[in-house]
Amino acid sequence: IVYGNIINTTAGFLLASKGDVDFLLMFWALAGTALIIASACVFNNYIDREIDSKMVRTKNRALAAGNISPQSAMIYSGFLGLAGFLILALYTNWLTVGLGLLAYLIYIVVYGIAKRRSVYGTLVGSVAGALPPVAGYTAVTNQLNLGAGLIFLILVTWQMPHFYAIAIYRYKDYKAARLPVWPVKKGISATKRQILIYIVLFLAATSMLTLFGYTGVAYLLIMVPISLIWLWLALIGYRNVDDALWAKQCFKFSLIVILSLSVMMSFGGLLP
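Calculation notes
- Residues numbered from 1 in each chain as written.
- Predicted model: local features only at pLDDT ≥ 70, side-chain atom pairs only at ≥ 80, totals over all residues.
- Heavy atoms only, no water.
- Axes fitted to C-alpha atoms, helices over the stretch in contact; angles between N-to-C directions.
- Helix = DSSP H or I, 4+ residues; strand = E, 2+ residues; numbered from the N terminus.
- Parallel < 35°, antiparallel > 145°, perpendicular 65-115°, else oblique.
- Left-handed = near helix turned anticlockwise from the far one by under 90°.
- Contact = heavy atoms within 4.5 Å.
- Nonpolar A, V, L, I, M, F, W, Y, C, P; charged D, E, K, R; others polar.
- Core = buried A, V, L, I, M, F, W, Y, C linked by side-chain atoms within 4.5 Å.
- Buried < 20%, exposed > 50% of the residue type's maximum accessible area, 1.4 Å probe, protein only.
- Expected span 1.5 Å × (residues − 1).
- Polar contact = N/O pair within 3.5 Å; in protein donor to acceptor, adjacent residues only side chain to side chain.

Participant: Tell me about the packing of helix H6 (residues 121-141) against helix H7 (residues 146-169), and name the residues and values.
Facilitator: Closest axis-to-axis distance for the H6/H7 pair is 8 Å, and the angle between their directions is 140 degrees. As far as their axial angle goes, H7 and H6 are oblique. Taken as a pair, H6 and H7 cross one another with a handedness that is right-handed. Here Thr122, Leu123, Gly125, Ser126, Val127, Gly129, Ala130, Leu131, Pro133, Val134 and Tyr137 of H6 lie close against H7, whose contacting residues are Gly147, Ala148, Ile151, Phe152, Leu155, Val156, Gln159, Met160, Phe163 and Tyr164. Broken down by class, the residue content of the contact of H6 with H7 amounts to 15 nonpolar, 6 polar and no charged.

Participant: Can you lay out the nonpolar core for me, pointing to particular residues and giving the numbers?
Facilitator: One finds Ile154, Leu155, Phe202, Tyr219, Leu261 and Met265 to be the most contacted residues of the largest nonpolar core, which totals 70 residues. Looking at which element gives the most residues to this core, the answer is H7, with 13 residues. Excluding residues that lie within four positions of it along the chain, Ile154 makes contacts with Phe202, Ala205, Thr206, Leu209, Tyr219 and Leu261. Phe13, Leu14, Met26 and Ala29 belong to the second largest nonpolar core, which has 9 residues in total.

Participant: Explain the environment of Asp48 residue by residue, including any values.
Facilitator: Inspection of the secondary structure puts Asp48 in the loop between helix H2 (23-47) and helix H3 (49-52). Counting along the chain gives 172 residues from Asp48 to Leu220, while the straight-line C-alpha distance between them is 40 Å. Discounting residues that sit within four places of it in the chain, Asp48 has contacts with Lys115 and Arg116.

Participant: I'd like a rundown of H2, residues and numbers included.
Facilitator: Helix length check: H2, at 25 residues, gives a terminal C-alpha distance of 36 Å against a target of 36 Å (1.5 Å per residue), a fit within 8%. With a side-chain oxygen positioned 3.3 Å from the backbone nitrogen of Leu24, the residue opening H2 is Asp22.

See below:
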């Protein structure tokens, strides 16, 4: 989670930099963001330790397995978070600090409650997950503008099909933990429709970066075909397929999509 978010945050920073990169500022922005995300992850593992123990993919996490004490985890989380916010406050700007705090509270508090009570918990989580690259952007610009909004929209629409795919191929895990994710509460067919809708929205959102002049045509020539392949994979899900295998393929391809997006956001503004 930390590595993935740092890649996205770097993309937001470089997009805002437009080729004039302050590498020292980038280092501090990424360091602070990484520490805050790490703190939130440890805090989340503390909150979810009982749920994690019931799921195959999470039962070996340190807290769920009982390898470290809850008290030690909270102290560790506190030090990570304090260091991260201090770095952002000293070396970036207060807008970026505020976005970091907002993401932290949404992930720990709002998402922590929503994922236990509502099928919309995934959407809440995607809001928190979309803020780090926006923070990377504002570390440079110190303002929220259309570019920041587009980055947020792109990351939200990417995360939804990404996590819904996980929820399908890990269906038994979520059902065992009694988490009301979309496949468990609404069914796999309904989740497939959600995946399709969000990929279409992702395609539209990614295209807007070029339409509004933040990236060149080269960015569009890469991201549109990749998004269409992802859309095609989503459509395959309507055939009589092994749902778990299909969902795992969609999940894996979503990683290719986000890596391509991060690279093209980083350099797309410098290309024709």
